[in-house]
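# Fold and geometry: a report
The primary structure of each chain is shown beneath.
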Amino acid sequence: SVFLSLFPQPNFGASLHILKVEIGGDAQSTDGTEPSHMHYENDENYFRGYEWWLMKEAKKRNPKIKLIGLPWAFPGWIGNGENWPYDYPDITAYYIVSWILGAKQYHDLDIDYIGIWNERAFSSKYIKLLRYTLDKHGLEQVRIIASDRLWEPISFVMMIDSELHGVVDVIGAHYPGTKTVQNAILTGKKLWSSEDYSTFNNDVGAGCWARILNQNYVNGNMTSTIAWNLVASYYEELPFGRCGLMTAKEPWSGHYKVESPIWITAHTTQFTQPGWSYLQVDGHLEGGGSFVALTDGLGNLTIIIETMSHNHSQCIRPPLPNFSVEPQRATFYLTGSFRMVETLQVWYSRLDFESGKSILFQQLHPVKVWRGRFSLDLNVDEVYTLTTLKTGWKCEFPEPPPPQPFPSNYRDDFNIRNPPFSEAPNFADQTGVFEYFVNASDPGDHVFTLRQVVVQRPITWVSDADQTISVIGNFKWVNMTVTCDIYIEKPRDGGVFIAGRVDNGGIYVRRTKGVFFWVFADGSYRVTGDLAGQEILMKGLAGVRDNAWHTLTLNIQGNSASGLLNGYPLWENVTISKPGNGWAALGTRSFEFAQFDNFHVE
């Protein structure tokens, strides 16, 4: 919650116009899983995960912010066991519309746009049925964006299918490299870069963001650019660490960092709003770089100029063809109604890659416009905003708490009667979903637990593991003791594990290595060097059974590991070669119910 306290109102800090959220699908979506509002067919819950909270916090700061929902994955029941969401399009449409209705009913949130399936195939039949279902539930105002992948084939199919053309409001492409295609333009629809950026948030990331915010319109006619991701609030060693507009990855310390991409954002967002129009001018500058001009149609004008050099503005994708930028004097001519403008407010940033002392979002003296013209001396790697608006604000904020490593002695007994969130803090689910659970029938020791609740493989976006796993702690940890009470719910072939030195997650979760201590409902145990359970280091009988509580302890010191069951040694002196460090973790053998309690890592 720390970072959002930076934004008490619009025209402050990033002043974002759009918040796009994942509609959780119980499956891995790059850096973890997000819970679905319907784990099972007969299940509905609109209080899981953090997206509801995030949308409400965003609306508190900017009531006019636009909201977009997009699924990456779907619960398994949607596909009736097939890894495909379009065999039963009426069920998928009902599931998505339920999420939109739930947002309104339980959180008073109006979703403005809805997507299809992130970076995966679309189905024309499903898109038409989604529109029909939205309208049937009084959601005519919700617009459809498709297909959150490439410009094609969606643009071509819209050109030959007039019914599809009629129901898609926005064509959204991902990482378009500032370019569009002819078919997309011919549809006459709004064109958006509906996912972009995804770049490490240092000054090169800021340069990338400055360049594409302008050039997506100048080169590609795109009138919206959406950054993945909002804030890097996940363990940095997961994929795409720090690829957010700012960083807030230490909830235990409260430390955060307002990175330079935030102030690049402000150059555009503080001086324009949704509903403003781009002026149709050639925005290429002669000496390299670009400019855009926008108006509210009521006499206000905002011009944003960027002169990012090639090496200082490379995004993570796609590859950036060579180009050169040189210092230049640029003269602008205001015509028509803008000829009356006499002064423009000036906001300035300069990314300094030599000294590292960048100037970020500084207000300069206003520029005098004489008979509709003014000139600027532009250097390389600069951003200027010139605007008739006088509302810009470079806010002051208190120094955040200093950074601290994850606590070296950490415990959670999950004893919380009304948790603010459905999931326990600091646990990062990488396959499956681990939720607070109330064991009403328990005599007292284990009433409040953590439970894995995904019992069918979801319709995945990437290759989730065949096991469930949630990681926690400090990736740099080497020696550790992990203790946890466990409860296998699945008879016969059920099983659970605790682990240390876990080396992977996110989109790479299937290849995770570490030291895994497993116990199974059939009474056996195993020690493996991998999540998949292929690399067996030790096995034997433990006498564990399902539907009973047991305590597992895993101790890793140097290149040796040992395990205890209910406080007694079960196995010892197992040699560990690699990995040499990693997180602690817990999880299950398959998509099965299981419970965990009194977790402790030291």
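Residues numbered from 1 in each chain as written. Predicted model: local features only at pLDDT ≥ 70, side-chain atom pairs only at ≥ 80, totals over all residues. Heavy atoms only, no water.

## Section: the overall build of the protein
Going by this rule: Secondary structure counts use DSSP, requiring at least four H or I residues in a row for a helix and at least two E residues in a row for a strand, with both numbered from the N terminus. We compute the radius of gyration over the C-alpha atoms and compare it with the globule rule, which gives 2.2 Å times the number of residues raised to the power 0.38. Remark: exposure states derive from per-residue accessible area (1.4 Å probe, protein chains only) relative to the maximum for the residue type, with buried under 20%, exposed over 50%, and partly exposed in between. Methods summary: accessible areas were calculated by the Shrake-Rupley approach with a probe of 1.4 Å, and residue burial reflects only the protein chains presented.
Scanning the protein from N- to C-terminus turns up 8 helices and 33 strands. Relative to a compact globule of 602 residues, whose C-alpha radius of gyration would be 25 Å, the protein shows 26 Å and is just as compact. Taking the principal axes of the C-alpha coordinates as reference, the protein spans close to 90 × 55 × 40 Å. Looking at the protein residue by residue over its 602 residues, the buried ones come to 60%. For the protein, the exposed surface amounts to about 25,100 Å²; the carbon and sulfur share of it is 50%.

## Brief notes about the environment of Asn 80
Take Asn 80: it is sitting in the loop between strand S2 (66-71) and helix H2 (89-107). Asn 80 sits in the exposed class, given a relative accessible area of 55%. Through-space distance from the C-alpha of Asn 80 to that of Gln 456 is 10.0 Å; in sequence the pair is 376 residues apart.

## Comments concerning the pattern of salt bridges
Filter applied, for reference: Salt bridges are identified by distance alone: a Lys or Arg side-chain nitrogen within 4 Å of an Asp or Glu carboxyl oxygen.
Under the defined criterion, the tally for this structure stands at 21 salt bridges. Among the ionic pairs, Asp 108 bridges to Lys 104, the shortest N-O distance being 2.8 Å. Between Lys 128 and Glu 163 there is a salt bridge, with its nearest N and O atoms 3.8 Å apart. Note that Lys 128 is positioned in helix H3 (residues 124-136) and Glu 163 in helix H5 (residues 162-167), a separation of 35 residues in sequence. Taking relative accessible area as the criterion, Glu 163 reaches 48% and is therefore assigned partly exposed. Via salt bridges that share partners, Asp 43, Arg 48 and Glu 435 belong to a single interconnected network.

## Remarks on the sheet that holds S2
Stated precisely, the cut-off is as follows: Here, strands pair whenever DSSP counts at least two bridges between them. Every residue pair with non-hydrogen atoms within 4.5 Å of one another is taken to be in contact. All axes are obtained by fitting lines to C-alpha atoms, using only the stretch in contact for helices, and the reported angles, taken between N-to-C directions, cover 0 to 180 degrees.
Strands sit in the order S1-S2-S3-S4-S5-S6-S7 across an open sheet of 7 strands; the sheet is parallel. Only two strands of the sheet have a single neighbouring strand rather than two, namely strand S1 (18-23) and strand S7 (225-228). Contacts from helix H1 (residues 51-61) reach S1 and S2 within the one sheet, and its direction differs from that of S1 by about 170°.

## Regarding the packing of aromatic side chains
For clarity, the cut-off: A pair of Phe, Tyr and Trp rings is counted when the ring centres sit within 6.5 Å of each other, with Trp represented by its six-membered ring. The angle between the planes then sorts it: under 30 degrees is stacked, over 60 is edge-to-face, the rest tilted. Definition used: whenever NZ (Lys) or CZ (Arg) falls within 6 Å of the ring centre and also within 35 degrees of the ring normal, the charge is taken to sit over that ring.
Inspection of the entire model under this criterion finds 41 aromatic pairs. For the pair Phe 74 and Tyr 95, a centre-to-centre distance of 6.1 Å together with 55° between the ring planes defines the contact as tilted. You can see Phe 74 sitting in the loop between S2 and H2 and its partner Tyr 95 sitting in helix H2, a full 21 residues away along the chain. When its relative accessible area of 0% is taken as the criterion, Phe 74 is described as buried. The class of Tyr 95 is buried, set by a relative accessible area of 0%. Chaining the aromatic ring pairs together yields one cluster made of Phe 74, Trp 77, Trp 84, Tyr 86, Tyr 95, Trp 117 and Tyr 126. When the ring centre of Trp 263 is taken as origin, the NZ or CZ atom of Lys 394, which lies over that ring, is 4.8 Å away. Of note, Arg 589 hangs over the ring of Phe 520, and the distance from its end group to the ring centre comes to 4.2 Å.

## Overview of the UniProt feature "domain: Glycosyl hydrolase family 59 central" (unreviewed entry) in the protein
In plain terms, the rule: UniProt positions are given in the numbering used here, feature names are shortened, and annotations may be inferred rather than shown by experiment.
Those places that UniProt annotates as "domain: Glycosyl hydrolase family 59 central" (unreviewed entry) correspond, in this numbering, to residues 278-392. Taken end to end, residues 278-392 is 0% helix and 43% strand, and its two terminal C-alpha atoms sit 20 Å from one another.

## Structural notes on the nonpolar core
For soluble globular proteins, the rule of thumb is that nonpolar side chains tend to be buried together. Stated precisely, the cut-off is as follows: For the purposes of this section, nonpolar cores are sets of buried Ala, Val, Leu, Ile, Met, Phe, Trp, Tyr and Cys residues that join through side-chain atoms within 4.5 Å.
Counting residues in hydrophobic clusters, the biggest one holds 61 residues, and the most contacted among them are Ile 469, Val 519, Phe 596 and Phe 599. Ranked by residue count, the leading element in this core is strand S26 (residues 513-520), at 6 residues. Judged by nonpolar contacts, the second largest core, of 49 residues, contains Val 21, Tyr 86, Ile 127 and Trp 151.

## Considering a nonpolar patch on the surface
Stated formally: Here, patches come from residues exposed beyond 30% relative accessible area and free of salt bridges, joined within 9 Å for like charges and within 5 Å for nonpolar side chains (Val, Leu, Ile, Met, Phe, Trp, Tyr).
A cluster of nonpolar side chains, contributed by Phe 156, Met 159, Ile 160 and Leu 186, occupies part of the molecular surface with about 410 Å² of accessible area. Along the chain, Leu 186 falls in helix H6 (residues 182-186).

## Points about H2
Applied cut-off: By this rule the span expected of a helix is its residue count minus one, scaled by 1.5 Å.
For H2, which comprises 19 residues, the first-to-last C-alpha distance of 27 Å matches the rise-based estimate of 27 Å (1.5 Å per residue) to within 8%. Every buried residue of H2 is listed here: Pro 89, Thr 92, Ala 93, Tyr 95, Ile 96, Val 97, Ser 98, Trp 99, Ile 100, Gly 102, Ala 103 and His 107. Looking at the buried positions of H2, the neighbouring elements they touch are S1, H1, S2, strand S3 (113-114) and H3. Once H2 ends, the next one or two residues include Asp 108, with phi positive near 55°.

## Section: unusual backbone geometry
Residues Ala 146 and Ser 147 are joined by a peptide bond in cis, for which omega reads -5°. Examined against the element boundaries, Ser 147 turns out to sit in strand S4 (residues 143-149). In this model, Asn 221 sits at a positive phi of 60°, which is unusual for a non-glycine residue. Topologically, Asn 221 is positioned in the loop between helix H7 (203-218) and S7. In this model, Asn 573 sits at a positive phi of 55°, which is unusual for a non-glycine residue.

## Some remarks on the domain arrangement of the protein
As a reminder, the rule being used: Domain limits in this description derive from either an automatic procedure or a database domain assignment. By buried area we mean how much accessible surface two parts lose on assembly, using a 1.4 Å probe and totalling the loss over both. The term polar contact refers here to a pair of N or O atoms within 3.5 Å; inside protein, the definition further demands a hydrogen-donor-capable atom paired with an acceptor-capable atom, and it admits residues adjacent in sequence only when both atoms are side-chain atoms. Gly is put with the polar residues, along with every residue not named as nonpolar or charged; the nonpolar set is Ala, Val, Leu, Ile, Met, Phe, Trp, Tyr, Cys and Pro, and the charged set is Asp, Glu, Lys and Arg.
The assigned domain composition of the protein is domain 1 (1-149) and domain 2 (410-601). In this structure, domain 1 and domain 2 have C-alpha centres spaced 30 Å apart. Taken together, the contact between domain 1 and domain 2 spans 34 residues of the former and 23 residues of the latter. When the area that domain 1 buries against domain 2 is broken down by residue, the three leading residues are Gln 28, Thr 33 and Tyr 40, summing to 27%. On the surface where domain 1 and domain 2 come into contact, there are 1 salt bridge. A salt bridge links Glu 435 to Arg 48, with the shortest nitrogen-to-oxygen separation between them at 3.4 Å. The interface formed by domain 1 and domain 2 holds 16 residue pairs in polar contact (both at pLDDT 80 or more) in total. Along the lines of polarity and charge, the residues of the side of domain 1 that touches domain 2 split into 15 nonpolar, 13 polar and 6 charged.

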